[in-house]
Amino acid sequence: MLRSLRAGLVIFLLLVVSTGMVYPLVVTGIAQLFFPQQANGSLLRQDGRVLGSSLIGQYSAGPQYFWGRPSATSPLPYDAENSGASNLGPNNPELIRHVRERIRVLQRADPQAKGPIPVDLVTSSGSGLDPDISVAAALYQVPRVAHAGGISETTLRQLVRDNTTGPFLGLIGEPVVNVLKLNLALHHRYGAETHGAVGK
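What counts, and at which threshold
Residues numbered from 1 in each chain as written. Predicted model: local features only at pLDDT ≥ 70, side-chain atom pairs only at ≥ 80, totals over all residues. Heavy atoms only, no water. pLDDT = per-residue confidence, 0-100. Contact = heavy atoms within 4.5 Å. Pairing = 2+ DSSP bridges. Helix = DSSP H or I, 4+ residues; strand = E, 2+ residues; numbered from the N terminus. Axes fitted to C-alpha atoms, helices over the stretch in contact; angles between N-to-C directions. Phe/Tyr/Trp six-rings, centres within 6.5 Å; stacked < 30°, edge-to-face > 60°. Lys NZ or Arg CZ within 6 Å of the ring centre and 35° of its normal. Core = buried A, V, L, I, M, F, W, Y, C linked by side-chain atoms within 4.5 Å. Buried < 20%, exposed > 50% of the residue type's maximum accessible area, 1.4 Å probe, protein only.

1. Focus on the confidence of the model for the protein
Moving on, step 1. Chain-level pLDDT for the protein is 81 on average; 82% of the residues reach the 70-or-more range.
Moving on, step 2. Contacts for the low-pLDDT stretch residues 193–200, under 50 throughout, to residues beyond four places or in other chains number 20 contacts.

2. Quick word on the sheet that holds strand β5 (residues 176–178)
Moving on, step 1. Ordered in space as β3-β5-β4, the three strands form an open sheet in which the pairing is antiparallel. Strands at the two margins of the open sheet, each flanked by one partner only, are β3 (132–134) and β4 (164–165).
Moving on, step 2. Across three bridges, β3 lies against β5 in antiparallel orientation. When the bridges of β5 are listed, Ile133 appears paired with Val177.
Moving on, step 3. Against the sheet, helix α4 (residues 135–149) engages β3, β4 and β5, with an angle of about 80° to β3.

3. Quick word on the packing of aromatic side chains
Moving on, step 1. Under the criterion given, the structure shown has zero aromatic pairs.
Moving on, step 2. Positioned over the ring face of Trp67 is Arg144, at 3.8 Å from the centre of the ring.

4. Observations concerning the nonpolar core
Moving on, step 1. Ranked by size, the top nonpolar core spans 23 residues in total, and within it Phe66, Leu156 and Val160 carry the most contacts.
Moving on, step 2. Going through the elements one at a time, α3 (93–109), α4, α5 (153–162) and α6 (179–190) are the ones with two or more residues in this core.
Moving on, step 3. A per-element tally of this core places α4 first, with six residues.
Moving on, step 4. Look past the residues within four positions of Phe66 in its chain and what remains in contact with it is Ser60, Ala138, Gln141, Val142, Val145, Leu156, Val160, Val179, Leu182 and Asn183.

What follows is the structure, encoded as structure tokens:
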């Protein structure tokens, strides 16, 4: 009996040390050595100040900035602590109401906008925290940003292209634009005032 208890206790302690201490330390060490940026949250900094993470969307309200996907978190947008499933079925009246309201917001911000509104500008992602938008969604906003910021549309389209990430390994997924990175590039190159748009 005592022999069995001793053996069980030894195995328990070995598992605690190996899986609770050694394994986390080894994994953390490897991550810090080979992937320090990703291991520390993929943080984006400017002048030594953390402005956000490339993995989590950030709220941008001004017309001179590119806007991300609508956030489904409440009461604050892009609040990682309140992330959860936000998917609504296509026949859900709540989804239809949200989409119509978002269409009205986009139309008020740019009454001259032409063409269909990209779906990712009026629907939130499953988590409500998506940091990326499609290239079409970024290009749709170019006339508004150009008009509000006094920058040519040609220049802004090139900026979008410069900040487009292709499919993973060239095969998986679609090209996307990280909105926070795009707005930071806009600020860096053209002196756009970022107060209230990035770094909150």
